[in-house]
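Descriptive structure summary
In case you want the letters, here they are:
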Amino acid sequence: MSGKTRVSDLAINGARPAYVSPLHVGCPNIGNRETFLRCINEVLDRRWLTNGGECVQEFEQRLSKLLGVRHCIAICNGTVALELATRALGLQGEVIVPSFTFVATAHALQWQGITPVFCDVDPHTHTLDPRKVEPMITPRTTGIIGVHVWGQACAIEALTEIAQRRSLKLMFDAAHAFGCTHNGRMIGSFGEAEVFSFHATKVFNTLEGGAIATNNDELARKIRLMKNFGFTDYDRVDYIGTNGKMNEISAAMGLTNLESLDEFMAVNRRNHETYRRELAGIPGLSLFVYNQKERNNHQYVVVEVDAEKAGLSRNNLVRILHAENILARRYFHPACHRMEPYRSCFPHAGLLLPETERLSEHIMCLPTGTAVSENDIATVCSIIRLAIRHAKELTKHVS
Ligand code: T4K
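All values reported here derive from a predicted model rather than from experimental measurement. (Residues numbered from 1 in each chain as written. Predicted model: local features only at pLDDT ≥ 70, side-chain atom pairs only at ≥ 80, totals over all residues. Heavy atoms only, no water.)

1. Some points on the layout of surface pockets
What counts here: The rule is simple: put a 1 Å grid over the protein atoms alone, call a set of points where a 1.4 Å probe fits but cannot get out a cavity, call an open set with protein on both sides within 12 Å along at least five of seven lines a pocket, and count a residue as lining if it has an atom within 4 Å of a point. Grid points are joined across faces, edges and corners, and a volume is the space filled by probe spheres set on the points. Runs of H or I in DSSP of at least four residues are treated as helices and runs of E of at least two as strands, each being numbered from the N terminus. Gly falls in the polar group here, along with every residue not listed as nonpolar (Ala, Val, Leu, Ile, Met, Phe, Trp, Tyr, Cys, Pro) or charged (Asp, Glu, Lys, Arg). Boundary definitions for the domains trace back to an automatic or database domain assignment.
In this structure, the largest pocket encloses a volume near 530 Å³. Those elements that provide at least two residues to the lining of the largest pocket are helix 4 (78-88), helix 5 (104-110), strand 9 (194-197) and strand 16 (363-366). Class assignment for the residues of the lining of the largest pocket results in 16 nonpolar, 16 polar and three charged. Shared between two domains, the lining of the largest pocket holds at least three residues of each, these being domain 1 (7-22 + 261-328 + 367-395) and domain 2 (33-258). One number sums up the size of the second largest pocket: a volume of about 440 Å³. Residue lining of the second largest pocket: 15 residues in total, with Asn51, Gly52, Lys227, Asn228 and Lys245 positioned closest to the centre. Among the secondary structure elements, those contributing two or more residues to the lining of the second largest pocket are helix 3 (54-67), helix 8 (217-226) and strand 11 (231-233). The residue makeup of the lining of the second largest pocket, split by class, is four nonpolar, five polar and six charged.

Structure representation (structure tokens):
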């Protein structure tokens, strides 16, 4: 990209935006350092570093209480949690999933020899469109995984009705939805199981980590064994298992960050509101608005770019922002069906996924979280405003 593509080099009408130090989508929220360091010292003093130590046990109890669910099993990351939940549920053959999701949702299935069957999403909610799910069911289908994209619950009731009527297992990838509600009830207890990610980039993190929440006692028992190699006793293995355990330092980070969860969510909400004000009236941009009746963690500031109205494509706008150190992300681009191995396995999948194709070409996510100030947001938005105002001039130089 040439230097002339930088909005700040244009110095248009003296409206040069202030220099910004890198602003990342996904910059971690970090709770009270003293609490975290104290927890780590205690872990080291106990010399019990993993395998269901005190921190993990306390973390799981606190999660269950917060989510209002019988079991919450801490796992080393969200992807392994998805693999464990799908395996423990006995999913096989084909499972219906959205393609508009992070690739881990599909990989968790494919990794186990289960075929992810990609279904289109609703253009307004960006989550699985239940009307499109039913035609994808075949005699090989064993389940449906809905993804609560951007922390917004998918059409839980409609999917539950289909799953029950067609005798399919229904579970949710709730990687984005920690702290969010559906009909006022915390996400975590819907379907057979819900899987969270506590990756560093999430509103609430345990460095790396995840959890499986379920009200099903037998499923929880199975998952607990499976995440520990299938051991049912010291020298006895009853299942094929893996190592899905969360370690004590991650759980200590979880316990620390739980204390600040409300604050993280309040900052994200405030940031979202600032973006809404600052982006209002910019042609061709629409901010994804969350349902005001539900609690959302606002960890994603999702903007749809209409290239015709903005005069700039989403890709060019992201390039311009990157040149200004604003590391906006194109979630989810490309959509799963355009990534390998799915692209080669299902080369024509896109024909059935028009909304997914459109969203993955038009959506970008902007930086938020506790590392992003209101001034930062004003700067990001002033750069966007300038870029769109001078779209023609800039696109000449954007490769
Ligand atoms: N299902 C869904 C729907 C998901 O979104 C995810 C994960 C999963 C399942 C799987 O859960 P995990 O197995 O990850 O627990 C990032 C995250 O790595 C991934 O966890 C997340 N979804 C996905 C949406 O975003 P990338 O490939 O974009 O990561 P990366 O390394 O490019 O980092 C993203 C941004 O965060 C960058 O701008 C840099 C910034 N960052 C990152 C880290 C790790 C920081 O500022 N500090 C950091 O420590 O996937």
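There's more to say after this.
2. Quick word on the pattern of salt bridges
If charged atoms from side chains of opposite charge come close, those side chains can pair. Note the following rule: Salt bridges are identified by distance alone: a Lys or Arg side-chain nitrogen within 4 Å of an Asp or Glu carboxyl oxygen.
For the structure on display, the rule yields 23 salt bridges. The salt bridge partner of Asp217 is Arg70, with a shortest N-O separation of 2.8 Å. Separated by 147 residues along the polypeptide, Asp217 in helix 8 and Arg70 in the loop between helix 3 and strand 2 (71-75) bring together distant segments of the chain. Three or more residues are tied together by salt bridges with common partners; here these are Glu134, Glu161, Arg165 and Arg166.

3. Some points on the site of the ligand
Rules: Definition of nearness: a residue and a molecule or strand are near each other if at least one heavy atom of the residue lies within 4 Å of the molecule or strand. In the analysis that follows, any N or O atom pair within 3.5 Å is treated as a polar contact, provided that within protein one partner can donate a hydrogen and the other can accept it, and provided that, for residues neighboring in sequence, both atoms belong to side chains. Computed with the Shrake-Rupley method and a 1.4 Å probe, the accessible areas treat only the protein chains shown as cover for residues. For this analysis, a molecule is said to be in a pocket or cavity if more than half of its atoms are within 2 Å of the grid points defining it.
Taken together, 25 residues form the shell around the ligand, and within it Thr79, Asp173, Ser197, Arg329 and Tyr331 come nearest. At 2.9 Å, a backbone N or O of Gly78 approaches an oxygen atom of the ligand. Residue Tyr331 places a side-chain N or O atom 2.6 Å away from an oxygen atom belonging to the ligand. Burial of the ligand by the protein amounts to 75% of the accessible area it has alone, namely 920 Å². Under a 2 Å grid-point criterion requiring more than half of the atoms, the pocket assigned to the ligand is the largest pocket. Contributing elements (two or more residues each) for the shell around the ligand: helix 4 and helix 5. Residue composition of the shell around the ligand, grouped by class: 10 nonpolar, 12 polar and three charged.

4. Some points on the sheet that holds strand 16
This is how the line gets drawn: Here the rule is simple: two strands pair whenever DSSP picks up at least two bridges between them. To get an axis, fit a line to the C-alpha atoms, keeping to the stretch in contact for a helix; angles then go from 0 to 180 degrees between the N-to-C directions. Note on definitions: a residue-residue contact is assigned when non-hydrogen atoms from the two residues lie within 4.5 Å.
Judged by pairing direction, the sheet is antiparallel, and its three strands sit side by side in the order 13-14-16 without closing on themselves. The open sheet has two free edges, formed respectively by strand 13 (285-287) and strand 16, since each of these has just one partner strand. When the angles between neighbouring strand axes are averaged without regard to direction, this sheet yields 30 degrees. As judged from the four bridges shared by strand 14 (residues 301-305) and strand 16, these two strands associate in the antiparallel manner. Looking at strand 16, one finds that Val302 is bridged to Cys365. Seen against the sheet, helix 9 (residues 248-279) touches strand 13, strand 14 and strand 16 and runs at an angle of roughly 155 degrees to strand 13.

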